[in-house]
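# Residue-level structure breakdown
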Amino acid sequence: MLDNLGARFQDIFKKVRGHGKLSESNIKEALREVKMSLLEADVNYKVVKDFIKKIQDKAIGTEVVTGINPGQQFIKIVNDELVELLGGTNSRLTKGVRNPTVIMLAGLQGAGKTTFAAKLSNYLKKTGERPYMISADVYRPAAMKQLEVLGKQIDVPVYFEEGSKDAVGICERGLEKAKEANATYLIIDTAGRLHIDEHLMEELKDIKKTVRPQEILLVVDAMIGQDAVNLAESFNNALNIDGVILTKFDGDTRGGAALSIKSVVGKSIKFVGTGEKISDLELFHPERIASRILG
Ligand code: GDP
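The chain goes by Signal recognition particle protein in an unreviewed UniProt entry, where it is assigned to Cetobacterium ceti. Under the heading Catalytic activity (unreviewed entry), UniProt records this for the chain: "GTP + H2O = GDP + phosphate + H(+)". In its Function (unreviewed entry) section, UniProt records this for the chain: "Involved in targeting and insertion of nascent membrane proteins into the cytoplasmic membrane. Binds to the hydrophobic signal sequence of the ribosome-nascent chain (RNC) as it emerges from the ribosomes. The SRP-RNC complex is then targeted to the cytoplasmic membrane where it interacts with the SRP receptor FtsY."

### Digging into the sheet that holds strand β4 (residues 185–190)
In space, the eight strands of this open sheet follow the order β3-β2-β4-β1-β5-β6-β7-β8, with mixed pairing throughout. Sheet topology places β3 (158–159) and β8 (281–283) at the edges, where each strand pairs with a single neighbour. For strand β1 (residues 101–106) and strand β5 (residues 215–221), the ladder comprises four bridges, and the chain directions are parallel. Residue pairing in the sheet places Met104 in a bridge with Ile216 of β5.

### Considering the pairing of β5
The side chains of a regular strand alternate, residue by residue, between the two faces of the sheet. Within β5, seven of the seven residues are buried, which leaves the element mostly enclosed by the surrounding structure. Here β5 shows a buried face lined by Glu215, Leu217, Val219 and Asp221 and a second buried face lined by Ile216, Leu218 and Val220. Each parallel crossover has a hand, and for β5 linked through helix α10 (residues 227–239) to strand β6 (residues 243–247) it is right-handed.

### Things to note about the nonpolar core
Ranked by size, the top nonpolar core spans 102 residues in total, and within it Phe74, Phe235 and Leu246 carry the most contacts. Beyond its immediate stretch of four places on either side in the chain, Leu246 contacts Val220, Ala222, Ala257, Ala258, Ile261, Ile269, Phe271, Val272 and Gly273.

### Structural notes on the layout of surface pockets
In this model, the largest pocket occupies a volume close to 290 Å³. Along the walls of the largest pocket sit Val97, Arg98, Asn99, Pro100, Val102, Leu175, Lys179, Thr210, Val211, Arg212 and Gln214, which together make up its complete lining. Elements supplying a minimum of two residues to the lining of the largest pocket: α8 (167–180) and α9 (198–211).

### A short note on the site of the ligand
As a matter of local geometry, the ligand sits amid 18 residues, with Gly110, Thr114, Thr115, Asp250 and Glu276 nearest to it. In this structure, an oxygen atom belonging to the ligand sits 2.8 Å away from a main-chain N or O atom of Lys113. Contact between the ligand and Gly273: an oxygen atom at 3.2 Å from a main-chain N or O atom of the residue. If the ligand stood free it would expose 580 Å²; the protein chains cover 80% of that surface. By residue number, the principal contributor to the shell around the ligand is helix α6 (residues 113–126), which donates four residues.

About the thresholds
- For every chain, the first residue of the written sequence is number 1, and numbering continues from 1 along that sequence.
- This being a predicted model, a pLDDT of at least 70 is required before a residue's local features are given, and a value of 80 or more before pairs of side-chain atoms are given or counted; all residues contribute to the totals for chains, interfaces and linings.
- With hydrogens and water excluded, all non-hydrogen atoms of the structure serve as input to the side-chain values.
- UniProt positions are given in the numbering used here, feature names are shortened, and annotations may be inferred rather than shown by experiment.
- We treat two strands as partners when DSSP finds at least two bridges between them.
- Only DSSP runs of H or I reaching four residues or more are called helices, and only runs of E reaching two or more are called strands; each is numbered from the N terminus.
- When accessible area is computed with a 1.4 Å probe and restricted to protein chains, residues below 20% of their type maximum are described as buried, those above 50% as exposed, and intermediate ones as partly exposed.
- We call a crossover right-handed when, viewed with the strands running away from us, the connection from the first strand over the helix to the second turns clockwise.
- The set of buried Ala, Val, Leu, Ile, Met, Phe, Trp, Tyr and Cys residues whose side-chain atoms join them within 4.5 Å is what this entry labels a nonpolar core.
- In what follows, a contact means two residues having at least one pair of non-hydrogen atoms within 4.5 Å.
- We place a 1 Å grid over just the protein atoms. Points where a 1.4 Å probe fits but has no way out form a cavity, open points with protein on both sides within 12 Å along at least 5 of 7 lines form a pocket, and any residue with an atom within 4 Å of a point lines it.
- Grid points are joined across faces, edges and corners, and a volume is the space filled by probe spheres set on the points.
- Whether a residue is near a molecule or strand depends on its heavy atoms: it is near if one of them lies within 4 Å of it.
- Any N or O atom pair separated by 3.5 Å or less is treated as a polar contact, with the protein-specific requirement of one donor-capable and one acceptor-capable atom, and with residues adjacent in sequence counted only for side-chain atom pairs.
- For the area figures, the Shrake-Rupley method with a 1.4 Å probe applies, and any residue is considered shielded solely by the protein chains shown.

Given below as structure tokens:
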């Protein structure tokens, strides 16, 4: 993951370290290369432009050009700005005052919602919570079975109604069951479509109105690069989402999604999926990702 971008940055930094002093033109040259690398990684153009401007303003100050260790200082500025781009600090899940805290998942078909529902339940269980899941994917009957099987594996109950097309009703009744079971978290897996459509959004809005979730998390496949940004904007406009989950981060993702979403949509990435197994889930730590990229 992010290997190409990492290799590019390491090359640029090697050159920067090689200079005893950094002239303004050395910095401009390094920044030109940083810009190219980010664009090749499919980062949103406006995000790249702003990023380069910020670094330029800081780096072409006196301290980098005349300081004792100009290369290191330049690298530190890039690192700090990269951490900001990735969202600054690690963004945690909300916990409601009353049980259960309701987390509603949304996203396109195949993004990894069902898998993430199980991964999140497993993660919460390990931290001492009592998760409960609902499958409200009424269009893909296999999704209900899939969640049921995953729930059995991690010993987390799953509410679903076989054959029903009433997603809102399923959520309403599932919420009651979760309360009866004294669950501390309720994770709702919703239906996805191949593309965003009006009907999908209306259904999600109706579910939101009914269960009043503390968090709406958009599950996005990291492999789609900066298309993830448009997707996140559409879902955010319709639902006012609380955060983003990037799945398939173990794949050959170039980084466009991870590096563009926070700046453009203003929502933090909370977790990344790093494989198909239930345990393949990581909290999204901007600092760790930045150091993975910068080496
Ligand atoms: P849904 O339609 O959004 O519910 O998507 P699924 O949860 O069914 O996932 C679609 C496919 O992506 C499945 O084959 C999953 O095993 C796979 N998948 C989900 N998350 C990840 C991940 O983080 N990494 C990898 N490599 N595969 C994933």
